[in-house]
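Single-letter residue listing:
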Amino acid sequence: MNCLVTGAAGFIGSHLVEALLGEGHRVIGVDCFSDFYAPGLKEANLAAVLGHPRFTLHRRDLLELDLPALLGEAEVVFHLAAQAGVRSSWGREFSVYTHQNVLATQRLLEAARGRPLRKFVFASSSAVYGDSELPMREESPTRPLSPYGVTKLAAEHLCRLYWVAHGVPVLSLRYFTVFGPRQRPDMAFHRFLRALLDGRPITLYGDGRQTRDFTYVSDIVEATRRAAWGEAVGELVNVAGGARVELLAVIRELEALTGRRAAIETRPAPAGEMPHTYADIAKARGLLGYEPKMGLLDGLREELAWLEALRAQGGVPDA
């Protein structure tokens, strides 16, 4: 199968690329290596596959490429490229989010019109729900609390429009708080672990009582692959770990794993942060045969091992 993966050098995208190559597929990757966090980390994410004979990487912005030519003989599109981050989506930076999350998605969908694609899988986010009732179901109201969430919801709507009007076989997956090796430096577990290993205080936004439905990256990749090979189209599907945990409880687990006591510095919760997330994943089970396999503690242990290995190889670049 010929696969196009956007955001190929990112946290989730690089794991997906490896999984697809491991199954024997040909993969064309696109990543602009933005400076949202250290490009050196993205280089490291793809280090194992850069010389692979079935992998081609385009280091360009999606909107700078000839998208019809890029799609070429692609049979499946995995659209993971996006400007991430809730806190930085306010103010003048919003134009970056509309460029990367909305306009790039529309242009890619437009290029997909009339092509015999098997599937166009779009990576959305739990941020579209906002402060919704729990558990969050696909039919729950979508009231994003951040500009980032607004752009992901807009992209979902574009995907549905192109399916209804032009038959693009889209499937949108709402990822819930992904963690594991290669996690972005701005994300909580990465920040917490680095602080513990460096002997620095952990910066905690809010009182730590907020809860998240944490999902290990290999489970996310498995669901994403299943979305491509299955028959479902035109759907929205939650992909999550299936259980929610308080951030303070996570910090206690990290203390046990590292053998270090956390000093915590609290700051006010920033605008746009969701107080709680918790997904109903019945639809993912029914449509995709998805079942999360990695528990929180084992996943944290894997992320810690990855971060320690990075440090041993010469340190971790700043975010």
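Before reading on, note that the structure itself is shown above.
Everything in this summary refers to the structure shown in the same document. Please read these numbers as outputs of a predicted model, since none were measured by experiment.

Considering the arrangement of structural elements, one finds Ala154 in helix H5 (residues 147–166). Along the primary structure Ala154 and Gly167 are separated by 13 residues, whereas in three dimensions their C-alpha atoms are 18 Å apart.

Counted according to the given criterion, the structure contains 7 aromatic pairs. Between Phe179 and Phe214, the aromatic rings sit 6.4 Å apart at their centres with planes inclined by 85 degrees, giving edge-to-face as the arrangement. Taken together, the positions of Phe179 in strand E7 (residues 178–179) and Phe214 in the loop between strand E9 (211–213) and strand E10 (215–216) put the pair 35 residues apart, joining distant regions of the chain. Its relative accessible area of 1% is what places Phe179 among the buried residues. For Phe214, a relative accessible area of 9% translates into the label buried. Judged by centre distance (5.4 Å) and plane angle (75 degrees), the rings of Phe179 and Tyr216 are edge-to-face. Highlighted residues: Phe179 in strand E7 and Tyr216 in strand E10, separated in sequence by 37 residues.

Judged by nonpolar contacts, the single largest core of 74 residues is most densely connected at Val5, Ile12, Val17, Phe78, Leu173 and Tyr175. Excluding its chain neighbours within four sequence positions, the residues that come into contact with Val17 are Val5, Ala8, Val27, Val49 and Phe55. Leu117, Cys159, Val168 and Val170 belong to the second-largest nonpolar core, a separate cluster that totals 25 residues.

Attention shifts here to the side chain of Thr151. Here Thr151 lies in helix H5. Judged by relative accessible area, Thr151 falls into the buried class, the value being 1%. A polar contact of 2.7 Å, which involves the side chain of Thr151, links it to the backbone oxygen of Tyr148.

The next subject is H5. Taking 1.5 Å per residue as the helical rise, H5 with its 20 residues ought to reach 28 Å, and the 28 Å between its terminal C-alpha atoms agrees with that figure. Backbone geometry just downstream of H5 places Gly167 in the positive-phi region, at approximately 75 degrees.

Here we take up the state of the cysteines. Within the structure shown, the criterion is met by 0 disulfides. In this model Cys159 remains outside any disulfide bridge; the closest cysteine sulfur is found in Cys3, 17 Å from its own.

What the 7 strands build is an open sheet, ordered E3-E2-E1-E4-E5-E6-E11; its pairing is parallel. This sheet does not close on itself; its edge strands, each paired only once, are strand E3 (55–58) and strand E11 (235–239). Across the sheet, the mean angle from the axis of one strand to that of its neighbour is 20 degrees, orientation sign disregarded. In this sheet, strand E5 (residues 119–125) lies alongside strand E4 (residues 76–79) in parallel orientation, the contact comprising 4 bridges. Looking at the pairing, His79 lines up with Phe122 of E5. Most of the contacts of helix H1 (residues 11–22) go to strand E1 (residues 2–6), to which it runs at about 170 degrees, and overall it touches E1, strand E2 (26–30), E3, E4 and strand E6 (170–175). Where helix H4 (residues 94–112) meets the sheet, its contacts fall on E1, E4, E5 and E6, and the angle it forms with E5 comes to roughly 165 degrees.

Scanning the model with the defined rule gives 18 salt bridges in all. For Arg59, the salt bridge is made with Glu43, and the minimal N-O distance between the two is 2.7 Å. Within this pair, whereas Arg59 is found in the loop between E3 and helix H3 (67–71), its partner Glu43 is found in helix H2 (residues 39–45), the two being separated by 16 residues in sequence. Exposure remark for Arg59: the relative accessible area of 43% places this residue in the partly exposed category. Close ionic contact of Arg226 with Glu222 constitutes a salt bridge, the shortest N to O distance being 2.7 Å. Taken as a pair, Arg226 and Glu222 lie in helix H7 (residues 217–229) at a separation of 4 residues, close to a single helical turn. Residue classification places Arg226 among the partly exposed positions, given a relative accessible area of 31%.

Reading guide: rules and limits
- Residues numbered from 1 in each chain as written.
- Predicted model: local features only at pLDDT ≥ 70, side-chain atom pairs only at ≥ 80, totals over all residues.
- Heavy atoms only, no water.
- Helix = DSSP H or I, 4+ residues; strand = E, 2+ residues; numbered from the N terminus.
- Phe/Tyr/Trp six-rings, centres within 6.5 Å; stacked < 30°, edge-to-face > 60°.
- Buried < 20%, exposed > 50% of the residue type's maximum accessible area, 1.4 Å probe, protein only.
- Core = buried A, V, L, I, M, F, W, Y, C linked by side-chain atoms within 4.5 Å.
- Contact = heavy atoms within 4.5 Å.
- Polar contact = N/O pair within 3.5 Å; in protein donor to acceptor, adjacent residues only side chain to side chain.
- Expected span 1.5 Å × (residues − 1).
- Disulfide = S-S within 2.5 Å.
- Pairing = 2+ DSSP bridges.
- Axes fitted to C-alpha atoms, helices over the stretch in contact; angles between N-to-C directions.
- Salt bridge = Lys/Arg side-chain N within 4 Å of Asp/Glu carboxyl O.

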